[in-house]
Amino acid sequence: MMQAWLILAAALFSLGLFGLLTRRNAVGILLSVELMANAVNVVLVAFGRWHGVADGQVFALFTTAITVAEAAIGLALVILLYRQRQDVLVDAATEMRG
Amino acid sequence: MLELTPLQWAQLALWVPLLSAVVLAAVWPLRKAGGPAAGVSLVAATVNLAAAAVLLFGWLNGAEDVRHTAPWLIGGQGLIELGVHLDGVSVSMLLVVAVVAWGVQVFSLGYLADEPKAGFGRYYTWQSLFLFSMNSLVLAPNLLQLFLGWELVGLCSYLLIGYWFTKPSAAKAALKAFWVTKFADMGLLLGLIVLYTHTGGFEWTATTTAATTVTLLFFLAVMGKSAQFPLHIWLPDAMEGPTPVSALLHAATMVAAGVFLVVRAAPLFAQAPLTGEVMTWIGAFTALFAASIAVVQTDIKKVLAYSTCSQLGYMVAALGSGAVLGGYFHLTTHAFFKALLFLAAGGLIHAVHSNEISHMGGLLKKLPVTGWTFIIGALALAGFPGFSGFFSKDLILEGVAHQGQWVPLAMLLVGAFLTAFYMGRVVFIALLGAPSEHAAHAHEGGGSMKLPLLVLAVPALALGFFAGPVAGLWGHEYHFHLGWVGLTASALGLAGIGLSWVMFAKGGAQGLLAAFAPVGALARSGAVDRLWATGYRQGLQVLGGAIAWLDRYVIDALMNLIGYLSLALGDRLRAVQTGNVRDYVYAVVAGLLLLGAWGAMFPG
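Fair warning: this is a prediction, and the values are worked out from it, not measured in the lab. (Residues numbered from 1 in each chain as written. Chains lettered and ligands numbered in written order. Predicted model: local features only at pLDDT ≥ 70, side-chain atom pairs only at ≥ 80, totals over all residues. Heavy atoms only, no water.)

1. Some remarks on the interface of chain A and chain B
Moving on, step 1. The partner chain B presents 11 residues to the 14 residues of chain A that form the contact.
Moving on, step 2. Between chain A and chain B the total buried area reaches about 1,000 Å² when both faces are included, carbon and sulfur atoms providing 62% of it.
Moving on, step 3. Per-residue buried area on chain A facing chain B is highest for Leu21(A), Asp91(A) and Gly98(A); these three make up 43% of the total on that side.
Moving on, step 4. Where chain A packs against chain B, one counts 1 salt bridge.
Moving on, step 5. A salt bridge links Asp91(A) to Arg582(B); the shortest N-O distance between them is 3.0 Å.
Moving on, step 6. Taken together, chain A and chain B are joined by 4 residue pairs in polar contact (both at pLDDT 80 or more). (Contact = heavy atoms within 4.5 Å. Buried area = accessible area lost by both parts, 1.4 Å probe. Salt bridge = Lys/Arg side-chain N within 4 Å of Asp/Glu carboxyl O. Polar contact = N/O pair within 3.5 Å; in protein donor to acceptor, adjacent residues only side chain to side chain.)

Written out as structure tokens, the structure is:
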């Protein structure tokens, strides 16, 4: 069973990574990051169960909380971006070029 | 009579003058009162004189040497001590200093009587400080304390030369003396450092392989303090100070500190034949050079100043040739007769209010005591047979001849002729010549200006006959013996006096004056001063130029290069910051992959 959970996690992570690399939409990128974070959560819970301890679940809860905070900041940034440019396409936003 | 041990007498000689200086410095109402301040200083000088006399009497009767030290600093290689060392050398020097200092302080009562009270008090404060400084130098049990005293007397010299500090020339002369001697004193400091690193102490009895380095460095300091060519340039200028100061510091005691150092460190100097050779040549050259300049000076103090340079040259040459007894004995006799000459010159100056010998003339009749004591001093300086200078100069010349140093010996003999000649010139013009209008109202000073002259005239006249006991003090033997060198020197001295009589009393042989014209031109042009000044300036400019070049083209260039490289690199690195979020994401993923690859390749 452990193997199945890890395959699921790897698939989720890969999906997220693919989305992260290919999306142009800032919201899409944020969603992809959430997917990857959840893949990590799956791994934490799976290993916690494997070892028969609660540490994995506790840590997953922590991760969730932190991810929520991160998503809040990310979405706030996206809204600001939208107010500036009337779109959320990241390719065009290159004002920070050195 | 007080029953005190020699050590207690020495402590008295050391601390009473310091106490006087501190009291006069701290209690300003006393200092500003003038006369009472002089009284305090004079009491200290008298106690010092009594202590020195008792000590010398003890040592003439074969007292045991005393060494008393107290720890001062914990050095890297042991304890550094200060204290008192009493032996024949220090005790006799102590008495020389005490007698001259006492005479000078008494003389100053009359000489500086017209000074403002505050200045008078200030003068005596410094006189007391000088007495303490010189005693701490003379009584030093090691070379480090000698160095401390050496610097202290240098400070007193600066203060006393600049006594009339509102006069620009006096302030300048004080500074010049300070700078020139300080430049030379670096040699003493460096020599002490080398000595300490080699022997772990400051003992003059040390045996070391670095003796030549150490003594050559010491000799640099001696050249500064004892005004040897080419570092003699400060001494003639130092005559800006009051005449009694010139008598005490710049003729009898402080300038002799250089010679005293060599006498004290004789065991070290004996290990360095090269230093001795250098000393003989420089001393002999200074003796001749300064004597020839003294011939053309018209200022009586300048004549005596150059004469002091010249006589110190004799001492240095003697010590260089290993004639320690001759050098030290001449120091002693010279201290008395030169202090006498300066004080008597002060009396003459006081009478006519001018330093020019041409403004004097016929003063012997008006100032008999001053005049006759001056003549005694002049005869002693000229080495007239029977006078003290005759015996000590003979010892020096015999010593140099004994070493087979024929060229220096010739210089010293010519110097002896010139010495007699220039002293004859001063005597025949200032004392016996036709009276000038400046001298019309000249009259002798009071008792305080006569007594020191009479006191100093005794050793100037007769010390030579006590050469035996004095030599015994220093562990030497003395037997009077007049060889061909001594006879030649005496003949040359008499010839010098005779020639000056012909030229300045009879007005003959005036053509010879032209012979000295080039020397006069050289002396007036201040060539040596200028050489130093330009050397200093050019040296500093060249050094400064080199440093500026290094700063501009090496250090600045290095900094500029670093700046340029940072800018260029930054310019290249700018391209990395595209501002596109996805590029950053790619970079993060690439980094992640690299880390993964790393972990896979090197597990654990």
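Having seen it, we continue.
2. Some thoughts on the packing of helix α10 (residues 243–252) of chain B against helix α15 (residues 324–352) of chain B
Residues and elements named next belong to chain B.
Moving on, step 1. It is at 8 Å that the axes of α10 and α15 come closest, and there the two elements cross at 160 degrees. Of the possible angle classes, the one that applies to α10 and α15 is roughly antiparallel. For the element pair α10 and α15, the recorded crossing hand is right-handed. Listed contacts from α15 to Thr243, Pro244, Ser246, Ala247, Ala251 and Ala252 of α10 are His334, Ala335, Lys338, Ala339, Phe342, Leu343, Gly346 and Ile349.
Moving on, step 2. Residue classes in the contact of α10 with α15 are distributed as 9 nonpolar, 4 polar and 1 charged. (Axes fitted to C-alpha atoms, helices over the stretch in contact; angles between N-to-C directions. Helix = DSSP H or I, 4+ residues; strand = E, 2+ residues; numbered from the N terminus. Parallel < 35°, antiparallel > 145°, perpendicular 65-115°, else oblique. Left-handed = near helix turned anticlockwise from the far one by under 90°. Nonpolar A, V, L, I, M, F, W, Y, C, P; charged D, E, K, R; others polar.)

3. What about the confidence of the model for chain B?
Regions with low pLDDT carry predicted coordinates that are not meant to be interpreted in detail.
Moving on, step 1. Scored by pLDDT, chain B has a mean of 87; 99% of the residues are at 70 or more.
Moving on, step 2. Interface confidence for the predicted complex, given as ipTM, is 0.82, next to a pTM of 0.75. (pLDDT = per-residue confidence, 0-100.)

4. Points about the environment of Lys32(B)
All names here are of chain B.
Moving on, step 1. Considering the arrangement of structural elements, one finds Lys32 in helix α2 (residues 28–32).
Moving on, step 2. A residue is classified by how much of its surface remains accessible, and Lys32, at 48% relative accessible area, is partly exposed.
Moving on, step 3. Between the alpha carbons of Lys32 and Arg67 there is a distance of 39 Å; along the sequence they are 35 residues apart.
Moving on, step 4. In this structure Lys32 touches Lys117 and Ala118, once residues within four positions along its chain are discounted. (Buried < 20%, exposed > 50% of the residue type's maximum accessible area, 1.4 Å probe, protein only.)

5. Things to note about the environment of Gln105(B)
Residue and element names in this part refer to chain B.
Moving on, step 1. By the secondary structure assignment, Gln105 is in helix α4 (residues 88–111).
Moving on, step 2. Overall, Gln105 belongs to the buried group, its relative accessible area being 0%.
Moving on, step 3. Separated by 67 residues in the primary sequence, Gln105 and Ala38 have C-alpha atoms spaced 8.1 Å apart.
Moving on, step 4. Setting aside residues no more than four positions away along its own chain, Gln105 makes contact with Ser41, Leu42, Ala45, Tyr124, Gln127 and Ser128.

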